[in-house]
Amino acid sequence: MDKKIAFIGGGRMGESLIKGVLESKLCNKNNISVSDTSAERLDSLKKSYGLKTFSDNREMIAEADIIILCVKPQVIDKVLENIADMCGLNKLIISIAAGITIAAIKNRLPGEKGRVIRVMPNTPAMIGEGMSAISGSQGVTDEDMSKAMAIFGAVGKTVVVKEEMMDAVTGLSGSGPAFIYMVIESMADAGVKLGLARDVANILAAQTVKGAAEMALNSGKHIGELRDMVTSPGGTTIAGLDALEKKGLREAMMSAVEEAAKRSMELGKRDK
Ligand SMILES: NC(=O)c1ccc[n+]([C@@H]2O[C@H](COP(=O)([O-])OP(=O)(O)OC[C@H]3O[C@@H](n4cnc5c(N)ncnc54)[C@H](OP(=O)(O)O)[C@@H]3O)[C@@H](O)[C@H]2O)c1
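Since the structure is predicted, the reported quantities are computational estimates derived from the model, not experimental observations. (Residues numbered from 1 in each chain as written. Predicted model: local features only at pLDDT ≥ 70, side-chain atom pairs only at ≥ 80, totals over all residues. Heavy atoms only, no water.)

**Q** How would you explain the site of the ligand if you had to name every residue and give the values?
**A** Residues in contact with the ligand amount to 21 residues; listed here are only the nearest, Met13, Asp36, Thr37, Val71 and Thr123. A distance of 2.7 Å separates an oxygen atom of the ligand from a polar atom in the side chain of Asp36. Contact between the ligand and Val71: an oxygen atom at 2.5 Å from a main-chain N or O atom of the residue. Within the complex, 78% of the 890 Å² of free accessible area of the ligand lies under protein. In terms of residue count, helix α4 (residues 73-83) provides more of the shell around the ligand than any other element does, three residues in total. Each residue belonging to the shell around the ligand can be placed in one class, and the counts come to 12 nonpolar, six polar and three charged. (Near = heavy atom within 4 Å. Polar contact = N/O pair within 3.5 Å; in protein donor to acceptor, adjacent residues only side chain to side chain. Areas by Shrake-Rupley, 256 points an atom, 1.4 Å probe, with all protein chains shown as cover. Helix = DSSP H or I, 4+ residues; strand = E, 2+ residues; numbered from the N terminus. Nonpolar A, V, L, I, M, F, W, Y, C, P; charged D, E, K, R; others polar.)

This is how it looks when you write it as structure tokens:
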């Protein structure tokens, strides 16, 4: 990509994206710049990736074609207030701030216009296995969407969704890693209860989740069919599945995603 990308905020997500686009060779480091409030952080990013770093957002974005907002939702207002007059239609703005709507961003831009894309990534982006949902808006071109998909594709998989689905995405893939950590932890605890050493139980549980996820993603088989492949008549797996049904795992997981989505909706309303 020959566009100049400016990352505002070089924290966990900002750094993950920078690392991803550089490692995938999507962008040359000369086309990437990053700003942050912490001089120490900028120093570390400069040392690790050889990037141009800035403490002044306005100075950084002057030359940028794409601005990626990687700051916390609480500081988005302050950041936009400072740079709004420089964010004309010649710049593509991509925000990953959870719960901040495209309308809220556009409202802070001159003439309430702008090429704005909203993305909801998740923490496995830090190891290149993220899941990002991307929403465009009026004024965003197909080329803009392709660019966003390429950038977030460098840290995992991407899907395009309507913005009204962002709360559902937040509840599922945004909060989802925490739900799965709890699954891994409880499977490993069961292993320990049955006499396995903790480190052995942890790897058995985590690799089982990873392997099952890879099968679900790549085998081309329906998830029910994959489950049937492990479940022989009168065997061990059906006994375990029966216990999970009786204890309500399916319902518990559906409620977890729904409650997280509901909370995302509430927080979005409050932060408007
Ligand atoms: N982490 C996730 O799983 C995840 C998932 C989806 C979406 N997101 C979104 O991603 C965004 C970033 O999250 P994060 O976890 O990467 O946060 P983070 O680690 O706190 O990174 C944000 C960085 O921005 C810096 N910053 C603050 N004000 C700034 C300003 N005015 N100009 C430039 N930089 C500034 C912060 O510096 P200081 O620390 O000095 O304030 C910090 O280094 C959030 O909006 C979050 O909602 C995160």
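From this point, the discussion proceeds with the structure in view.
**Q** So, the packing of helix α8 (residues 176-193) against helix α9 (residues 198-218): which residues are in play, and what are the values?
**A** As a packed pair, α8 and α9 sit with axes 8 Å apart at the nearest point and diverge in direction by 135°. Judged by the inter-axis angle, α8 sits oblique to α9. When the axes of α8 and α9 are compared, the crossing they make is right-handed. Mapping the contact onto sequence places Ile180, Ile184, Glu185, Met187, Ala188, Asp189, Gly191 and Val192 in α8 and Arg198, Ala201, Asn202, Ala205, Ala206, Thr208 and Val209 in α9. Grouping the constituent residues of the contact of α8 with α9 by class yields nine nonpolar, three polar and three charged. (Axes fitted to C-alpha atoms, helices over the stretch in contact; angles between N-to-C directions. Parallel < 35°, antiparallel > 145°, perpendicular 65-115°, else oblique. Left-handed = near helix turned anticlockwise from the far one by under 90°. Contact = heavy atoms within 4.5 Å.)

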